[in-house]
Amino acid sequence: ELPHRDGELLRPGVVWFGEALDDEVMNTVDERVRECDLFIVAGTSSVVYPAAGLAPMVSANGVPVVEVNLEKTQQSDDSTLSFQGKAGDLLPLLLDVE
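These numbers were taken from a predicted model, which means no experiment stands behind them. (Residues numbered from 1 in each chain as written. Predicted model: local features only at pLDDT ≥ 70, side-chain atom pairs only at ≥ 80, totals over all residues. Heavy atoms only, no water.)

Enquirer: Looking at this model, I keep getting lost on helix 1 (residues 23–35). Mind explaining?
Expert: Taking 1.5 Å per residue as the helical rise, helix 1 with its 13 residues ought to reach 18 Å, and the 19 Å between its terminal C-alpha atoms agrees with that figure. The distance from a side-chain oxygen at the start of helix 1 to the backbone nitrogen of Glu24 is 3.1 Å, and the residue carrying that oxygen is Asp22. (Helix = DSSP H or I, 4+ residues; strand = E, 2+ residues; numbered from the N terminus. Expected span 1.5 Å × (residues − 1). Polar contact = N/O pair within 3.5 Å; in protein donor to acceptor, adjacent residues only side chain to side chain.)

Enquirer: Looking at this structure, I do not really get the pattern of salt bridges. What am I missing?
Expert: Side chains carrying opposite charge are able to pair once their charged atoms draw close together. Going through the model one piece at a time under the given rule, you end up with four salt bridges. Two residues, Glu19 and Arg11, come together in a salt bridge whose shortest N-O distance is 2.7 Å. (Salt bridge = Lys/Arg side-chain N within 4 Å of Asp/Glu carboxyl O.)

Enquirer: Looking at this model, I keep getting lost on the pairing of strand 4 (residues 65–69). Mind explaining?
Expert: Note on strand geometry: in a regular strand, side chains alternate between the two faces of the sheet. Within strand 4, five of the five residues are buried, leaving the element largely enclosed by the surrounding structure. Along strand 4, one buried face is formed by Val65, Glu67 and Asn69 and the opposite face, lined by Val66 and Val68, is buried too. Alignment of strand 3 (residues 39–42) against strand 4, held across four bridges, turns out to be parallel. Note that in strand 4 the partner of Val41 across the bridge is Glu67. Once the chain exits strand 3 it traverses helix 2 (residues 54–60) before rejoining the sheet at strand 4, and the crossover so formed is right-handed. Summarising the sheet, strand 4 and strand 5 (residues 81–84) pair through four bridges and their orientation is parallel. Its bridge partner being in strand 5, Glu67 is matched across the sheet by Ser82. (Buried < 20%, exposed > 50% of the residue type's maximum accessible area, 1.4 Å probe, protein only. Pairing = 2+ DSSP bridges. Right-handed = clockwise from strand over helix to strand, strands pointing away.)

Enquirer: Got a minute to help me understand the sheet that holds strand 3 in this structure?
Expert: Strands belonging to one sheet form pairs held by backbone hydrogen bonds; the direction of such a pair is parallel or antiparallel. Strand order across the open sheet formed by three strands is 3-4-5, with parallel pairing between neighbours. This sheet does not close on itself; its edge strands, each paired only once, are strand 3 and strand 5. On average, adjacent strands in this sheet sit at an angle of 10° to one another, irrespective of strand direction. (Axes fitted to C-alpha atoms, helices over the stretch in contact; angles between N-to-C directions.)

Enquirer: I tried to follow the environment of Pro56 on my own but got confused; where do I start?
Expert: As for its placement among the helices and strands, Pro56 is situated in helix 2. Assessed through its relative accessible area of 40%, Pro56 is described here as partly exposed. Counting along the chain gives 31 residues from Pro56 to Val25, while the straight-line C-alpha distance between them is 19 Å.

These results come straight from atomic positions and should not be treated as a statement about function.
See the structure below:
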């Protein structure tokens, strides 16, 4: 049985393929991207937009981009650093956290 509330089917907090992201969310993302001094891209194919367009935008502003992914992507060569492996294994090492 699917979960309901007040007679309505509950929707998970996700964006399905073909759906647009909320304008408020995208405005916040745009602000944060313009303010960052390091951009980490982890666990993505870098082909689904608008998220795939963020790293090139940041890089064009002179901000270093670090990619962590199982395999190279179309953006690997344009990243400042690109690491292949499991994000769950590599990120703690790169960020020096346990």
